[in-house]
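Chains, contacts and geometry: an overview
In case you want the letters, here they are:
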Amino acid sequence: MRTTVGIVGAGPAGLTLARLLRLAGIDCVVLECRDRAHVERRQRAGVLEQGTADVLRAAGAGERLDREGLPHDGMELRFDRRRHRVDFPDLTGGRRVTVYAQTEVCKDLIALAETDGPPVLFEAEVLAVEDVDTDAPRIRFRRDGREEVLECAYVAGCDGFHGVCRAAVPAAVSRVFERAHAYAWLGVLADVPPSHDELVYARHDRGFALLSMRSPTVSRLYLQVPEGTKAEEWTDEEIWDELDRRLETADDWTLERGPLTQKSVTPMRSYVHEPMRYGRLFLAGDAAHIVPPTGAKGLNLAVGDVVVLARALEHERRTGSPALLDAYSATCLRRVWQAERFSHDMTALLHRDPGATAFDDRLQLARLDRVATSRSAAADLAEGYTGFPFG
């Protein structure tokens, strides 16, 4: 089997890249180790930056997004039982975010690929990525019990943090930057309408809480918990009681309760692999970087990476110049590190570190008060949350 771009992974990065290449007239094949049903149901991110939503619309994947997505023109910060709204369009010149689950993005892009190409091969386990430092990379994979080889001119490693592509970069040229946090997120899905029409980020002495949503009838909520916590350690009633405490306000706002349909724990970590390109292998999304979920940057960074890559590949095909491909890693990393900075700042602003002192607590509250009383501080938060420009 032969193609121009072999894409490993059918998450948002791989599927978006496949769609962009299809529109640019560049052949590609997507290899995904899981089956289609798994890809379309795995719960991940749910907030799309302005730029990400615009890319999906331009790629023809915006119809259901515009019909079912929930546009948000702001967020609410809570601390000391106070409520403060951050107005995104007012602070950013019109930008906003849209709540639309990653599962739905994948469904839309898979449906487009099914009717218009390119091929997406599910249950195709990639065994190795070879010869990426030559002009003829190869991807060895197993499908239907047989080993096959995909020959290509370029490989896009969109296979996530635990995928095989990053391992093809020699240790001698790899640099890893990472940080782990001593806490995690306990996330739940609840069959109850959201108790607020925008996302609520709450700082509390007992820890962080987030009120989000997946639809007008389904709430997505999170609690800061100690690292190593198991979801089954918390009963439904304990979760709702703790959310009530941490989201409490001085007015008459109330948290609506409902049946919990899912519980999971997400570790909090930051990770960046440099470079994001080696030879003809280009890493994108979680294969190259991880951010704490506080800043809602994971899916959006992945889309930003593949937009840069698709432009570079189209430029090379049209002009014969590899200049944009050569600049891929540096171009993406500028945005990646800004997102890492923003996600770290948001995490530090809202979570209570297990070793925090009373002085640390006062500083944290002072930072939040600064956002609530300074337009420039609020604008910095709004600009980061709605998204940094693609390369």
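Residues numbered from 1 in each chain as written. Predicted model: local features only at pLDDT ≥ 70, side-chain atom pairs only at ≥ 80, totals over all residues. Heavy atoms only, no water.

**A look at the sheet that holds strand β1 (residues 5-8)**
Paired through their backbone hydrogen bonds, the strands of a sheet run either parallel or antiparallel. The sheet built from six strands is open, its strands ordered β8-β2-β1-β12-β19-β18 with mixed pairing. Bordering the open sheet on either side are β8 (120-121) and β18 (277-278), each of which pairs with just one other strand. Note that β1 and strand β12 (residues 154-157) share four bridges and pair parallel. Across the sheet, Ile 7 pairs through a bridge with Ala 156, a residue of β12. Taken strand by strand, helix α1 (residues 12-24) contacts β1, β2 (28-31), β8 and β12, and its axis lies near 160 degrees from that of β1. (Pairing = 2+ DSSP bridges. Helix = DSSP H or I, 4+ residues; strand = E, 2+ residues; numbered from the N terminus. Contact = heavy atoms within 4.5 Å. Axes fitted to C-alpha atoms, helices over the stretch in contact; angles between N-to-C directions.)

**Brief notes about the UniProt feature "domain: FAD-binding" (unreviewed entry) in the protein**
UniProt's feature table lists "domain: FAD-binding" (unreviewed entry) at residues 2-343, given in the numbering used throughout. The span residues 2-343 is 31% helical and 32% strand by assignment, and the distance between its end C-alpha atoms comes to 40 Å. (UniProt positions renumbered as here; feature names shortened; annotations may be inferred.)

**Focus: the environment of Asp 116**
Secondary-structure assignment places Asp 116 in helix α6 (residues 102-116). You can call Asp 116 partly exposed: its relative accessible area is 32%. Placed 110 residues apart in sequence, Asp 116 and Gly 6 show a C-alpha to C-alpha distance of 18 Å. Beyond its immediate stretch of four places on either side in the chain, Asp 116 contacts Arg 19 and Arg 22. Among the polar contacts made by the side chain of Asp 116, one reaches the side chain of Arg 19 at a distance of 3.0 Å. (Buried < 20%, exposed > 50% of the residue type's maximum accessible area, 1.4 Å probe, protein only. Polar contact = N/O pair within 3.5 Å; in protein donor to acceptor, adjacent residues only side chain to side chain.)

**Description of the domain arrangement of the protein**
As assigned here, the protein comprises domain 1 (2-73 + 98-178 + 269-348) and domain 2 (182-267 + 355-386). Computed over C-alpha atoms only, the centres of domain 1 and domain 2 are separated by 29 Å. In this complex, domain 1 contributes 23 residues to the contact, which on the side of domain 2 involves 19 residues. Summing both sides of the interface, domain 1 and domain 2 together bury roughly 1700 Å²; the carbon and sulfur share of this comes to 61%. Scanning the region where domain 1 abuts domain 2 turns up zero salt bridges. On the surface where domain 1 and domain 2 come into contact, there are six residue pairs in polar contact (both at pLDDT 80 or more). Secondary-structure elements contributing two or more residues to the side of domain 1 that touches domain 2 are β4 (70-72) and α10 (328-350). Residue classes in the side of domain 1 that touches domain 2 are distributed as 10 nonpolar, seven polar and six charged. (Domains from an automatic or database assignment. Buried area = accessible area lost by both parts, 1.4 Å probe. Salt bridge = Lys/Arg side-chain N within 4 Å of Asp/Glu carboxyl O. Nonpolar A, V, L, I, M, F, W, Y, C, P; charged D, E, K, R; others polar.)

**A look at helix α11 (residues 358-373)**
Along an α-helix, residues three or four apart share an orientation, since each turn contains 3.6 residues. With 16 residues, α11 ought to run about 22 Å at 1.5 Å a step, and its terminal C-alpha atoms sit 22 Å apart, in line with that. Buried within α11 we find Asp 361, Gln 364, Leu 365, Leu 368, Val 371 and Ala 372. Take α11 and look down its axis: the buried residues cluster within an arc of 110 degrees, on one side only. Looking at α11, the residues exposed on the side facing more than 90 degrees away from the buried face are Phe 359, Arg 362 and Thr 373. Buried residues along α11 sit in contact with β5 (74-79), β6 (82-87), α10 and α12 (375-386). (Expected span 1.5 Å × (residues − 1). Arc of directions from axis to C-beta.)

**With respect to the nonpolar core**
Within the largest apolar cluster, 75 residues are counted, with the highest numbers of intra-cluster contacts made by Val 5, Ile 7, Leu 21 and Leu 31. The greatest single-element share of this core, amounting to 11 residues, is contributed by helix α8 (residues 298-319). Excluding anything up to four places from it in sequence, Leu 21 contacts Val 5, Ile 7, Ile 26, Cys 28, Ala 310 and Leu 313. Counting residues in each nonpolar core, the second largest holds 35 residues, with Val 47, Met 213, Met 268 and Tyr 385 among its members. (Core = buried A, V, L, I, M, F, W, Y, C linked by side-chain atoms within 4.5 Å.)

**What about the side chain of His 273?**
Structurally, the position occupied by His 273 is in strand β17 (residues 260-274). Side-chain polar atoms of His 273 contact the side chain of Ser 174, separated by 3.0 Å. Among the polar contacts made by the side chain of His 273, one reaches the main-chain carbonyl oxygen of Pro 275 at a distance of 3.0 Å. Sequence-distant contacts of His 273, defined by excluding residues within four places in its chain, comprise Arg 166, Val 169, Ser 174, Arg 175, Val 176, Leu 283, Ala 288 and Leu 333.

**Focus: the packing of α8 against α10**
Axis separation between α8 and α10 bottoms out at 10 Å; the angle between their running directions is 160 degrees. It follows from the interaxial angle that α8 and α10 lie roughly antiparallel. Crossing angle aside, the handedness with which α8 passes α10 is right-handed. Contact with α8, carried on its side by Asn 300, Leu 301, Gly 304, Asp 305, Val 308 and Leu 309, involves Tyr 328, Thr 331, Cys 332, Arg 335, Val 336 and Ala 339 of α10 and no other residues of that element. (Parallel < 35°, antiparallel > 145°, perpendicular 65-115°, else oblique. Left-handed = near helix turned anticlockwise from the far one by under 90°.)

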